[in-house]
Amino acid sequence: MFLGYLAFATKDYAQGNKYLREAYDINPYSVTVVKYYLTGLIAASLSPDGTPNIDVVEQVAGLLKQNEKLFEPGDTWLAACQKILEAGKQ
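Residues numbered from 1 in each chain as written. Predicted model: local features only at pLDDT ≥ 70, side-chain atom pairs only at ≥ 80, totals over all residues. Heavy atoms only, no water.

Student: Hey, could you go over the overall build of the chain for me, with residue numbers and the actual values?
Tutor: A count of helices and strands for the chain gives five helices and zero strands. Taken from N to C terminus, the helices and strands of the chain fall in the order α-α-α-α-α. When the backbone C-alpha atoms are referred to their principal axes, the chain occupies close to 35 × 35 × 20 Å. Sorting the 90 residues of the chain into buried and exposed places 33% on the buried side. For the chain, contacts bridging at least 24 residues in sequence account for 47% of all contacts bridging at least 6. (Helix = DSSP H or I, 4+ residues; strand = E, 2+ residues; numbered from the N terminus. Buried < 20%, exposed > 50% of the residue type's maximum accessible area, 1.4 Å probe, protein only. Contact = heavy atoms within 4.5 Å.)

This is the structure we're talking about:
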């Protein structure tokens, strides 16, 4: 996950998502890993003008739905992510 974070810090989104996907593949039951992976996908999906890639939005929505059972009820990150996804679908 740290390598993914560093790649994102240098705006190497493809490499960052590669590392975050590897972390997710290793430990898909970690809330922290899921948060970093989905955040990375969302960040990388935005075009320079801030318009989201609808295919990535749908991918993130599916992964979020698949993993929402890992989150505590009322988790603020989950609620914020769902709000971002809803805005991206419009």
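Next comes the rest of the description.
Student: Any details on the nonpolar core? Residues and values, ideally.
Tutor: Ranked by size, the top nonpolar core spans 20 residues in total, and within it Y37, L38, L41, V60 and L85 carry the most contacts. At the level of secondary structure, the elements contributing two or more residues to this core comprise helix 2 (13-26), helix 3 (31-45), helix 4 (54-67) and helix 5 (76-89). Setting aside its immediate chain neighbours within four residues, L85 contacts V57, V60, A61 and L64. (Core = buried A, V, L, I, M, F, W, Y, C linked by side-chain atoms within 4.5 Å.)

Student: Outline helix 4, supporting the account with residue identities and numerical values.
Tutor: Look at helix 4: 20 Å from first C-alpha to last across 14 residues, which is about the 20 Å you get at 1.5 Å a residue. Buried within helix 4 are the following residues: V56, V57, V60, A61, L63, L64 and N67. (Expected span 1.5 Å × (residues − 1).)

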